[in-house]
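Next come the chains, spelled out residue by residue.
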Amino acid sequence: MPHRRRSSDTVTSGYSMEDIIRDIKALNSSVLLLSQKMNYLVRNEKILGRNFIILNKKLKAVEQKKPSASGLSSVSGEMSMELKDALDELQEKVRQNEFMLNEVKTDLSKLNEKYAKFEDLKELKYIVEAINPLEFVTLDQVKDLVSNQKTVSKSEKPKKKK
C-alpha cells in the first residue's frame, strides 16, 4: 500500500519518489521472503522424496521375507503354541513366587510379633543397669534374713495368747 505524503516533492500523480522507492523495497523484501519459503519447500520435498524411497525399499524387503500363506499358517501355529507354552510356564512361576512371597510375609509378621525389637532390648538393658538389683542384697544377706525370719516366726508362735 502506498503511503501518501504531503511534501514539496509531490509529483502530479500524488506520489513522491521516496514513497515509490519505499514501496519497491517493501515489495522486494516480500519477494525475498517468498523465494526463501519456496526454497524451504523444495528442500523439504527432496527430503520427503528420499524418505519415501527408503520406506518403499524397506516395504519391499519385508514383503520378500514374508513366506507364502500356506507355510505361514503352519509356522505361526507352531510359534504360537511354543509361545503359549512359555507363557503358561512363566505364569505358573509367577504364581509360585507369589505364594512363597506371601509365606515369607506371614513368617516375618509372626517373628515381628514374637521377638523384641533392638530398641526395646536397649531400653530394658538401661533399666536393669540403672537399678542393678545385685547391688541391693547379697546372697548371704538374703540367707541371714530368711533365717532371722524363721527364728522370729518360731518365737512369735508361743507368745500368742488365747
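Residues numbered from 1 in each chain as written. Predicted model: local features only at pLDDT ≥ 70, side-chain atom pairs only at ≥ 80, totals over all residues. Heavy atoms only, no water.

Chemist: Sorry, what's going on with the overall build of the protein here?
Modeler: The helix and strand tally for the protein stands at four helices and zero strands. Traced from its N-terminal end to its C-terminal end, the protein shows the element sequence α-α-α-α. Residues counted as buried form 2% of the 162 residues belonging to the protein. Summing over all exposed atoms, the protein offers an accessible surface of approximately 16,000 Å²; the carbon and sulfur share of this is 61%. (Helix = DSSP H or I, 4+ residues; strand = E, 2+ residues; numbered from the N terminus. Buried < 20%, exposed > 50% of the residue type's maximum accessible area, 1.4 Å probe, protein only. Areas by Shrake-Rupley, 256 points an atom, 1.4 Å probe, with all protein chains shown as cover.)

Chemist: I would appreciate a short explanation of the confidence of the model for the protein in the present structure.
Modeler: Close inspection of predicted coordinates is inappropriate in any region flagged by low pLDDT. For the protein, mean pLDDT is 81; residues scoring 70 or higher make up 80% of the total. Averaged pLDDT values for the elements of the protein fall to 80 in helix α4 (residues 139–159) and rise to 90 in helix α1 (residues 17–65). (pLDDT = per-residue confidence, 0-100.)

Chemist: Please explain helix α3 (residues 118–131) as it appears in this structure.
Modeler: Taking 1.5 Å as the rise per residue, α3 with 14 residues should run 20 Å; its terminal C-alpha atoms sit 20 Å apart, in good agreement. Burial analysis of α3 places just zero of its 14 residues in the buried class, a small minority of the element. Note on α3: the residue one or two positions beyond its end, N132, has a positive phi of about 45°. (Expected span 1.5 Å × (residues − 1).)

Chemist: Mind showing me how you'd approach a negative patch on the surface here?
Modeler: Together, E78, E82, D85 and D88 make up a negatively charged patch on the protein surface. Position of D85 relative to the elements: it lies in helix α2 (residues 69–114). Of the residues examined, D85 reaches a relative accessible area of 46% and is grouped as partly exposed. (Patch = residues over 30% accessible without salt bridge, like charges linked within 9 Å, V, L, I, M, F, W, Y side chains within 5 Å. Salt bridge = Lys/Arg side-chain N within 4 Å of Asp/Glu carboxyl O. Lys, Arg positive; Asp, Glu negative; His and termini not counted. Charge placed at Lys NZ, Arg CZ, Asp CG, Glu CD.)

Chemist: Could you clarify how one ought to interpret a nonpolar patch on the surface in this entry?
Modeler: A contiguous nonpolar surface patch, about 860 Å² in accessible area, is contributed by L121, L124, Y126, I127, I131, F136, V137, V142 and V146. When contributions to the nonpolar patch are tallied by element, the ones reaching two or more residues are α3 and α4. Broken down by element, the residue count for the nonpolar patch peaks at five residues, all from α3. Owing to a relative accessible area of 59%, F136 belongs among the exposed residues under this scheme.

Chemist: What exactly am I supposed to notice about the pattern of salt bridges here?
Modeler: Any two side chains of opposite charge can pair, on the condition that their charged atoms come close. Taken as a whole and judged by the stated rule, the model has three salt bridges. With its nearest N and O atoms 3.2 Å apart, the salt bridge here joins D19 to R22. On the criterion of helical spacing, the pair formed by D19 and R22 is a turn pair, its members being three residues apart in helix α1. Residue class for R22 comes out partly exposed when judged on its relative accessible area of 31%. Residue R95 pairs with E92 through a salt bridge whose shortest N-O separation is 3.2 Å. Of the two residues, R95 and E92 both sit in helix α2, three residues apart, roughly one turn of that helix.

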